[in-house]
Amino acid sequence: MFKKVVALIFALSFIFLCACSQESKFGIEQFVDRMNKSFETDFLTSEFLLGSSEDGSEWLFSERGNSLITLFLDTNSNIKGASVLVTDNGDINSLINTYLQLCCVLTGSSVEEQSAVLQNCGITADKIKFADSNIIITVGKYKYVAVGNTYSITLICERN
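Residues numbered from 1 in each chain as written. Predicted model: local features only at pLDDT ≥ 70, side-chain atom pairs only at ≥ 80, totals over all residues. Heavy atoms only, no water.

Caption draft 1: Up close: the packing of aromatic side chains. Evaluated as defined, the whole model comprises two aromatic pairs. One aromatic cluster is present, formed by Phe-31, Phe-43 and Phe-48 through successive ring pairs. (Phe/Tyr/Trp six-rings, centres within 6.5 Å; stacked < 30°, edge-to-face > 60°.)

In structure tokens, the structure reads:
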């Protein structure tokens, strides 16, 4: 009897623990929902337009103010990466904040954890400038990229 009760408790615990975890692979609806709940943003799925290339790569993009947010899709239409581009009349602090939020949703990490990763990678408002520069760093299963020139800065977070 005792063994059956213990087995039942383990089975129920396993089911409840699995139900509480977030999926690591998700689509645009989950992305928008997580952004809006976690960061009180006002994203809508209808804002994102689908783009594709001749090789079959697909992405979703949305223009917001002086920035362009792009979500890279895998073959199952799950989001595998995110980027934000800002032009030279944009605010770098706002860019870094948006990038931090995108990375948090993509990686499933907290703001504190993701801030530490970006700080260690050198992707901060005081180091990213409108000048020719490139940063490419892999941390765990994610690649962080910063590309800048005199006209724009692009920050990318992508699952390897």
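Caption draft 2: The sheet that holds strand S3 (residues 67-73), seen in detail. Read across the sheet, seven strands follow the order S1-S2-S3-S4-S7-S6-S5 without closing on themselves; strand pairing throughout is antiparallel. Here the strands that pair on one side only, and so sit at the sheet edges, are strand S1 (49-52) and strand S5 (133-139). Going across the sheet, the axis of each strand differs from the next one's by a mean of 15 degrees, ignoring polarity. The pairing of S3 with strand S4 (residues 79-87) spans seven bridges and is antiparallel. When the sheet's bridge partners are listed, Phe-72 is paired in S4 with Gly-81. The sheet contacts of helix H3 (residues 92-107) involve S3, S4, strand S6 (142-148) and strand S7 (152-159), and relative to S7 the element is tilted by about 10 degrees. (Pairing = 2+ DSSP bridges. Helix = DSSP H or I, 4+ residues; strand = E, 2+ residues; numbered from the N terminus. Axes fitted to C-alpha atoms, helices over the stretch in contact; angles between N-to-C directions. Contact = heavy atoms within 4.5 Å.)

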